[in-house]
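What the coordinates show
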Amino acid sequence: MRKQTQPAALLVAALMLGSANTFAQQPGPLADQLQPGDMVRVALSREVEMSGDYTVDEAGMVALPLIGLRETSNKTPAALKQELVSAYVDQLRNQTIQITFLRRVRVLGEVRTPGLYHADPTMTLADVVALAGGATNLGKRDEMRIIRDGEEFEVDLHSEVFQQVRSGDQILVPEKGWLERNRTLLVTASISVTAIVVGAMTR
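Throughout, residues of each chain are indexed from 1 in the direction in which the sequence is written. Two thresholds apply to this predicted model, a pLDDT of at least 70 for residue-level local features and 80 or more for giving and counting side-chain atom pairs, whereas whole-chain, interface and lining totals are computed over all residues. As a rule here, side-chain values come from all non-hydrogen atoms in the structure, and water together with hydrogens is ignored.

**Focus on the environment of Ile-67**
Where we set the bar: Here a strand is any run of E in DSSP of at least two residues, a helix any run of H or I of at least four, and the numbering for each starts at the N terminus. Relative accessibility decides the category of a residue: with a 1.4 Å probe and only protein chains considered, values under 20% of the type maximum give buried, values over 50% give exposed, and everything between is partly exposed. In this description, contact between two residues means that some pair of their heavy atoms is separated by no more than 4.5 Å.
With respect to the helices and strands, Ile-67 occurs in the loop between β3 (61–64) and β4 (68–71). Classification of Ile-67 by relative accessible area gives buried; the value is 11%. Distance in space between the C-alpha atoms of Ile-67 and Asp-90 is 9.4 Å, their sequence separation being 23 residues. With residues near it in sequence (within four places) discarded, Ile-67 still touches Leu-84, Ala-87, Tyr-88 and Gln-91.

If you want it as C-alpha cells, here you go:
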C-alpha cells in the first residue's frame, strides 16, 4: 500500500520553499556593497568644483577629490559612507558633506530609452523605469521582470520586495501580447460584424 504524504510534511516543505525564495531576494551583509560601474556622489557645500559623481573601477577602487583612492570592496554601504565622511571631516572644516551611492542598473524592453542608468537609494522601481522615459504604450507595467544574481523575478511597479534596486539589476518591461495590443481593433471588428449580421437579418 502506498504511503500518503502527510499534510504536516507538505506544510513544512511549502514553508521551506517560501523561506528559500525570500532568502534569495534579501541581500546578505555585503550583498549590497558597491560594484564596478557604480558611482559615489560627493557634495561639498563650499567646494563645489570638487563635487561630482565618481565611478568605482573594475578593482573596486574609487578616486575621490582630496582623500584620494578608496577601496569599496567588502564594505557595507553604511560603513563605507562613515569612512568617507570621516576622511573629508579631517580635510575640511565648517562644511556640509554629503555622500550618496548610485547603483548602476540596466532598463530594457518596452521603455522609451533603454540603457544603463544610475539610481540613488531614494528611488523606487517606478522611479528607475521613469529614468528610461517610462514604459511605452506596448509595455506591460504590471508584469515586469527583474534579473538579479542570475535569477529572474516577476514584479510590478508597486512591488514591496523589489522597491530598492541593487547593483547589476536588469529591469525588463515586456511587450503586451498580440490580443492585448489589438483589443480595440478586435472590439471594433466585432461590433462591425454584429452590425452587418443584424442589418442583414432585418432586411
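After that view, the rundown keeps rolling.
**Remarks on the layout of surface pockets**
Quick reminder of the rule: Here a cavity denotes a set of grid points, spaced 1 Å apart and computed over the protein atoms alone, in which a 1.4 Å probe fits but from which it cannot get out, and a pocket denotes an open set meeting protein on both sides within 12 Å along at least five of seven lines; residues with an atom within 4 Å of a point are reported as lining. Grid points are joined across faces, edges and corners, and a volume is the space filled by probe spheres set on the points. All residues other than Ala, Val, Leu, Ile, Met, Phe, Trp, Tyr, Cys, Pro, Asp, Glu, Lys and Arg, Gly among them, are scored as polar; the first ten of these are nonpolar and the last four charged.
When its volume is computed, the largest pocket comes out at roughly 190 Å³. Together, 13 residues line the largest pocket, and Phe-101, Arg-103, Asp-120, Pro-121 and Gln-164 are the ones closest to its centre. Elements with a contribution of two residues or more to the lining of the largest pocket: α2 (77–91) and β5 (97–109). For the lining of the largest pocket, the leading source of residues is β5, giving 4 residues. Here the residues of the lining of the largest pocket sort into 7 nonpolar, 2 polar and 4 charged.

**As for the nonpolar core**
Inclusion rule: Within this scheme, the nonpolar core is defined by two criteria: the residues are buried Ala, Val, Leu, Ile, Met, Phe, Trp, Tyr or Cys, and they are joined through side-chain atoms within 4.5 Å.
Val-128 and Ile-171 are the most contacted members of the largest nonpolar core, which totals 19 residues. Among the secondary structure elements, those contributing two or more residues to this core are β5, β6 (115–119), α3 (125–131), β7 (144–148), β8 (151–155) and β9 (170–173). Top element by residues in this core is α3. It accounts for 3 residues. Apart from residues lying up to four places away in sequence, Val-128 is in contact with Val-105, Val-107, Ala-119, Met-123, Val-165 and Ile-171. Among the nonpolar cores identified, the runner-up in size contains 16 residues, and Val-42, Val-56, Leu-92 and Ile-97 belong to it.

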